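# Descriptive structure summary
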Amino acid sequence: MVEISESHLVSYLTTKITMKILSLSLVLVAHVCCLLESVNSNDGQKDDYSLRLMAETIKHLTTAIGKLEKRLRTVDKLEERLDEQDEVIRQLQMSLTGHDAKSEELTAAVREESRSAEQKSYYRGKRADDTASWELVLAQVTQRLNLAEANIQALKNSDQAKGTLYVRWGQSVCPGSAELVYSGYIGGSWYDDAGGATNFLCLPPDPTFGHHAVPKYGHAKLYGTEYQTCDEPECDLSASCAVCRISRESSMMLPARDTCYPGWTLEYSGYIMTNDPKFAGGMEYICVDSSHGFIPSSHADENGALLLYTTFVCGSLGCPPYIGDNIVLCAVCSK
């Protein structure tokens, strides 16, 4: 089947209508010629008939021409519509051309994204390999760090092992350079007992107890310790103490001085104190802090172990350099 475009169809219709008008025009001309010939040959009797025939023919021709003109107008409108459709088709073609360009751009973008995805996949795989190798390196570094931390801790422990302890008698805190192990109460033997221990103890504030029964045949006794300095406010107060730790390797109690020798560090200074010599209980000399720290709410005069000042006695003790009847000072020094 041969396809005919709309423009060809309009041309065809226009040509057919034009030929129809021409043929009608020829018929009209033929009728007029016949009428004239009839008028010339029959001068009288056929005039009316010929006129009627000519009028009828003219009427038919006028009607036919009117119909043809309407058809021509329809054809003109069809041509206008065809022109409009051609314009729409042209715009659609331009739009399709633009869409083709965008489609090409999208296709290029998709291709680029595909290449990028392939590269990402490649780099992910490579990164996974790198991650595995880095994890191995990280494990090795972590192991070395742990070893270094262990060595540092060992050095700290070594430094701690080189440190030393001392008791700060008469105070419940340690100096700034020392670590407080614990603070508590000074304990000792009854001041007038002939037997028993001769040393003082720094008792902790949180004792623990076992289940051993107290023997019936006798046992030693441990008391608190009071200041027997009754011309001072601390009289009859229970003395406190603190166990302190320092990083330095050695410490000593230096009697008769409240300062340390060069190269040594002063931990605290105070007074040499012990039991009253007129009582039977013999106790050691200790360096009690000059602040005379005590346990709150302990003003009860319950005795126990006692702490009194100590003075120099000239004679066997050289004077000078010492001076009799002077309070004996002391210092605790470390190095």
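See above for the structure.
My aim in this report is to walk through the structure given alongside it, one point at a time. (Residues numbered from 1 in each chain as written. Predicted model: local features only at pLDDT ≥ 70, side-chain atom pairs only at ≥ 80, totals over all residues. Heavy atoms only, no water.)

Attention now goes to the overall build of the protein. Looking only at helices and strands, the protein features two helices and 10 strands. Start at the N end of the protein and walk to the C end: the helices and strands fall as α-α-β-β-β-β-β-β-β-β-β-β. Looking at the protein as a whole, 24% of its 335 residues qualify as buried. Here the protein displays about 23600 Å² of accessible surface, and carbon together with sulfur accounts for 57% of that area. (Helix = DSSP H or I, 4+ residues; strand = E, 2+ residues; numbered from the N terminus. Buried < 20%, exposed > 50% of the residue type's maximum accessible area, 1.4 Å probe, protein only. Areas by Shrake-Rupley, 256 points an atom, 1.4 Å probe, with all protein chains shown as cover.)

Once that is clear, we can look at the nonpolar core. One finds Tyr166, Trp169, Ile186, Phe200, Tyr227, Val288 and Leu307 to be the most contacted residues of the largest nonpolar core, which totals 28 residues. Of all the secondary structure elements, the ones that give two or more residues to this core are β1 (164–169), β5 (240–246), β7 (265–274), β8 (286–289), β9 (305–309) and β10 (329–334). It is β5 that contributes the most residues to this core, five residues altogether. Among residues more than four places away in sequence, those in contact with Trp169 are Ile186, Phe200, Leu201, Cys202, Ser240, Cys241, Tyr268, Ile286, Cys287, Val288 and Asp289. (Core = buried A, V, L, I, M, F, W, Y, C linked by side-chain atoms within 4.5 Å. Contact = heavy atoms within 4.5 Å.)

The next point concerns the environment of Lys335. Here Lys335 is to be found in the segment after β10. Judged by relative accessible area, Lys335 falls into the partly exposed class, the value being 48%. Along the chain, Lys335 and Ser251 lie 84 residues apart, while their C-alpha atoms are 6.3 Å from each other. Excluding its chain neighbours within four sequence positions, the residues that come into contact with Lys335 are Arg248, Glu249, Ser250, Gly263 and Trp264.

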